[in-house]
Amino acid sequence: MKIVWSPEYSQPSMQFNVSKYPLDNPNVRKAIICAIDKKALLEVAEPGTQMPDTYCSGLTPTIRDSWLSQNILDDMEDYAYDPSKAEALLKGEGWSKGSDGFWRDSKGQLVQLEVAAMNSWAIFFMCGDAIANQLNEFGLKTEYKAMEISAYWDYLDRGQAMMSFDFRPGGLSYAGQPWEFYRSIYADGAVRMGLKAPTASGDPKINVKLSSGETVDPISLLNDLFYATDKDKQAKITEKLAQATNEFVPIMPIGEKTAPIKIHNTKLSYPDDPLLPEWYGGANTRVIARLLKLGELYYK
């Protein structure tokens, strides 16, 4: 049997509640991301999880590289593991470490963070624990809060979580179009990320100032992207959304999720019972079926 790990367009991510101090400061969010060793997280994540997008562009690497050129990525900030960069970002905000090794803010107050995760989804449960441990090692005092899953979603949907986990977006119910990725972040995740109050209706009002000096509204760009039929226009809007997400950093992907496709090995014997096709499996079968139907994939 041969296993092929096939991308699921799924991006398990840590998300920030940008309404809570000190996460209301994008430089603090950037520092937290740089203080986390993403490659080390893969050691405790579920099998098949690939390296995440360290640019925090909002897109998984497989989708990102289809829409963003290397020139665009070169103009964006890379948030790869870099504790020195994380320290410089915090010192730039007037923060300093106390004698106990933990960071104080510009007012001399001990900074206390919280990472919440559901206790039944292994990738979030394990990576949440690892992230809390890494942040404590870095000197950011962090509590790890593992919760029963229904209590966890309620905690997030009431806007109470500080840092939490979700899929942005969630997988093969998506077609891999950038609109779906950014809609998942800025609209679907608005309450959980503190972009709007739990009782508010409609899409949030968000303004992101780019390093170029231009101010953009991700929701407005989302609407433009939804109605854009020209591929070049879609690409231009996607580039702008990626730049905004890179600078606003509402999420930190912890991996790109893939699914196992099991390939039948004819040298092995299998049960004749058609209800027991051990060679057949994986969550991507509907994608494969679609490609077969369109004639874009064929048996050799």
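Structure first, text after, so check above.
Residues numbered from 1 in each chain as written. Predicted model: local features only at pLDDT ≥ 70, side-chain atom pairs only at ≥ 80, totals over all residues. Heavy atoms only, no water.

A. Spotlight on helix α1 (residues 26-34). Counting buried positions along α1 yields seven of nine residues, so the element is predominantly enclosed. Residues Val28, Arg29, Lys30, Ala31, Ile32, Ile33 and Cys34 constitute the buried set of α1. Capping the start of α1, Asn25 holds a side-chain oxygen 2.9 Å from the backbone nitrogen of Asn27, two or three residues further along. (Buried < 20%, exposed > 50% of the residue type's maximum accessible area, 1.4 Å probe, protein only. Helix = DSSP H or I, 4+ residues; strand = E, 2+ residues; numbered from the N terminus. Polar contact = N/O pair within 3.5 Å; in protein donor to acceptor, adjacent residues only side chain to side chain.)

B. How the structure looks around the packing of helix α9 (residues 218-227) against helix α10 (residues 231-248). In contact at an axis separation of 10 Å, α9 and α10 are set at 160 degrees when each is read in the N-to-C sense. With respect to α10, the axis of α9 lies roughly antiparallel. Considering only the axes of α9 and α10, their crossing is left-handed. Facing α9, whose interface residues are Pro218, Leu221, Asp224 and Leu225, α10 presents Gln234, Ile237, Thr238, Lys240 and Leu241. (Axes fitted to C-alpha atoms, helices over the stretch in contact; angles between N-to-C directions. Parallel < 35°, antiparallel > 145°, perpendicular 65-115°, else oblique. Left-handed = near helix turned anticlockwise from the far one by under 90°. Contact = heavy atoms within 4.5 Å.)

C. Highlighting the side chain of Ser13. In this structure, Ser13 sits in strand β1 (residues 2-16). A polar side-chain atom of Ser13 sits 2.9 Å from the main-chain carbonyl oxygen of Gln11. What Ser13 contacts, discounting residues up to four positions off in sequence, is Phe124, Ser164, Phe165, Asp166, Arg168, Ile251, Met252, Pro253 and Ile254.

D. Looking closely at the nonpolar core. Ranked by internal contacts, the top residues of the largest apolar core, which has 78 residues, are Ile32, Ile131, Leu140 and Met163. Sort the elements by how many residues they give to this core and helix α6 (residues 122-138) lands first, with seven residues. Residue contacts for Ile131: discarding those within four places in its chain leaves Met14, Ile36, Leu41, Val115, Phe165, Met252 and Ile254. (Core = buried A, V, L, I, M, F, W, Y, C linked by side-chain atoms within 4.5 Å.)

E. Layout of the environment of Arg183. Take Arg183: it is sitting in helix α8 (residues 178-186). Beyond its immediate sequence surroundings of up to four residues, Arg183 is in contact with Asp188, Asp203 and Leu222. At 3.3 Å, the side chain of Arg183 forms a polar contact with the side chain of Asp203.

F. Summary view of the state of the cysteines. In this structure the tally under the stated criterion is zero disulfides. With no disulfide partner, Cys34 has as its closest neighbouring cysteine sulfur the one in Cys56, 8.4 Å distant. According to the relative accessible area criterion, Cys34 is buried, its value standing at 0%. (Disulfide = S-S within 2.5 Å.)

G. Molecular detail of the environment of Ile3. Locating Ile3 in the fold gives a position in strand β1. With a relative accessible area of 37%, Ile3 lands in the partly exposed category. Between the alpha carbons of Ile3 and Ala259 there is a distance of 9.4 Å; along the sequence they are 256 residues apart. Once you skip the residues sitting within four places of it in the chain, Ile3 turns out to touch Pro260, Ile261 and Lys262.

H. Inspection of the pattern of salt bridges at higher detail. Inspection of every chain in the model, using the stated rule, returns 14 salt bridges. Taking the shortest distance from any N to any O, the salt bridge between Asp100 and Arg104 comes out at 2.6 Å. On the basis of relative accessible area, Asp100 is assigned to the partly exposed category, the value being 41%. Residue Arg104 is classed as partly exposed on the basis of its relative accessible area, which comes to 21%. For Glu214, the salt bridge goes to Lys240, with nearest N and O atoms at 2.9 Å. Highlighted residues: Glu214 in the loop between β7 (208-209) and β8 (215-216) and Lys240 in helix α10, separated in sequence by 26 residues. For Glu214, a relative accessible area of 35% gives the class partly exposed. On the basis of relative accessibility, which here comes to 25%, the residue Lys240 falls in the partly exposed class. One continuous salt-bridge network, built from bridges that share partners, spans Asp157, Asp166, Arg168 and Arg192. (Salt bridge = Lys/Arg side-chain N within 4 Å of Asp/Glu carboxyl O.)

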